[in-house]
Amino acid sequence: MSYFHGYLMPDDKRPTRTLGADLRALRKARGMTLTDLADAMGRSVGWLSQVERDISSPAIADLGKMAELLDVSISSLVQIGAAPGEDGLIVRAHARRPIGSRTPGLTEALLSPDLTDSFEVLHSSFAPGSELPAPLSRETQEVGYIINGHLDIWINGKMFKLAPGDSFRLRGEQFSWANPYDETCDVIWVISPPVY
């Protein structure tokens, strides 16, 4: 017996991370219904419902289409096998799921075991000279913590220079960032609801 979300449960009854659960969390985070996603894919609602409940498995082509429509990389949907008893609980350094980035110089990995919680935790690495090309805003609450390096961040047009140990919060504000410095900046980023 062990505790899961505050409840004492038999170890064999504790929920584990599944592809279907992650797809459902991503779909909901984007405000899409089963019908919206199924229609966009040219598939039936019943089939998509079975995929989200792990009754059916999507073909690689279907997974690619879902990733495109949910604006994530296929690699972010695939988890490297966890050790027995660790699935949904532990993420080893070598088993982090990379999060696709369309911003050169930004590399991100999922630290959360899955996307089924009300938040996600990411490790973001900002290479020297990297920058977000255009301001961004999203309907999330976010907190970032600078582990090492330096990062400039603009929140609603106001610039802040961040150093190791500094943190910041975003609650839907427009933001952008740049690393004009000579070293990589590593940030732990908590986002609610999950967006990746």
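Bear in mind that the values here come from a model prediction, so they are computed numbers and not experimental data. (Residues numbered from 1 in each chain as written. Predicted model: local features only at pLDDT ≥ 70, side-chain atom pairs only at ≥ 80, totals over all residues. Heavy atoms only, no water.)

Draft legend 1. The nonpolar core, seen in detail. Counting residues in each nonpolar core, the largest one holds 38 residues, and the members touching the most others are Phe126, Phe168, Val187 and Trp189. When residues in this core are grouped by element, the largest group, four residues, is from strand β11 (residues 185-192). Setting aside residues up to four positions removed in sequence, Trp189 forms contacts with Glu120, Val121, Leu122, Ser124, Phe126, Arg138, Glu142, Val143, Gly144, Phe168, Leu170 and Phe175. (Core = buried A, V, L, I, M, F, W, Y, C linked by side-chain atoms within 4.5 Å. Buried < 20%, exposed > 50% of the residue type's maximum accessible area, 1.4 Å probe, protein only. Helix = DSSP H or I, 4+ residues; strand = E, 2+ residues; numbered from the N terminus. Contact = heavy atoms within 4.5 Å.)

Draft legend 2. Main features of the side chain of Glu108. Note on placement: Glu108 falls in strand β4 (residues 106-110). Here Glu108 occupies a buried position and makes no salt bridge, while the nearest side chain of opposite charge, Arg138, is found at 6.2 Å. With sequence-adjacent residues up to four places away left out, Glu108 is seen in contact with Arg97, Pro98, Ile99, Leu122, His123, Ser124 and Tyr196. (Lys, Arg positive; Asp, Glu negative; His and termini not counted. Salt bridge = Lys/Arg side-chain N within 4 Å of Asp/Glu carboxyl O.)

Draft legend 3. Summary view of the side chain of Asp114. Structurally, Asp114 is set in the loop between β4 and β5 (120-126). Overall, Asp114 belongs to the buried group, its relative accessible area being 7%. Separated by 2.7 Å, the side chains of Asp114 and Thr116 make a polar contact. (Polar contact = N/O pair within 3.5 Å; in protein donor to acceptor, adjacent residues only side chain to side chain.)

Draft legend 4. Representation of helix α2 (residues 34-41) within the structure. Within α2 the residues assigned to the buried category are Leu37, Ala38 and Met41. When α2 is viewed along its axis, its buried side chains cluster within an angular range of 95 degrees and face the same direction. Tucked inside the fold, the buried residues of α2 contact α1 (19-29), α3 (45-52) and α4 (60-69). Directly beyond the C-terminal end of α2, a positive phi value near 75 degrees is found at Gly42. (Arc of directions from axis to C-beta.)

Draft legend 5. Looking closely at the packing of aromatic side chains. Throughout the structure, instances matching the rule amount to four aromatic pairs. A ring pair is formed by Phe126 and Trp189, whose centres lie 6.4 Å apart and whose planes are at 40 degrees; its orientation type is tilted. Here Trp189 lies in strand β11 and Phe126 lies in strand β5, a separation of 63 residues in the sequence. Like Trp189, Phe126 is buried. Here the aromatic rings of Phe168 and Trp189 are separated by 5.0 Å at their centres, their planes lie at 75 degrees, and the arrangement is edge-to-face. Of this pair, Phe168 sits in strand β9 (residues 167-170) while Trp189 sits in strand β11; the two residues are 21 residues apart in sequence, bridging distant segments of the chain. A relative accessible area of 5% means that Trp189 is categorised as buried. Pairwise contacts between aromatic rings join Phe126, Phe168, Phe175, Trp177 and Trp189 into one cluster. Positioned above the aromatic ring of Trp47, the side-chain terminus of Arg43 is 3.9 Å from the ring centre. (Phe/Tyr/Trp six-rings, centres within 6.5 Å; stacked < 30°, edge-to-face > 60°. Lys NZ or Arg CZ within 6 Å of the ring centre and 35° of its normal.)

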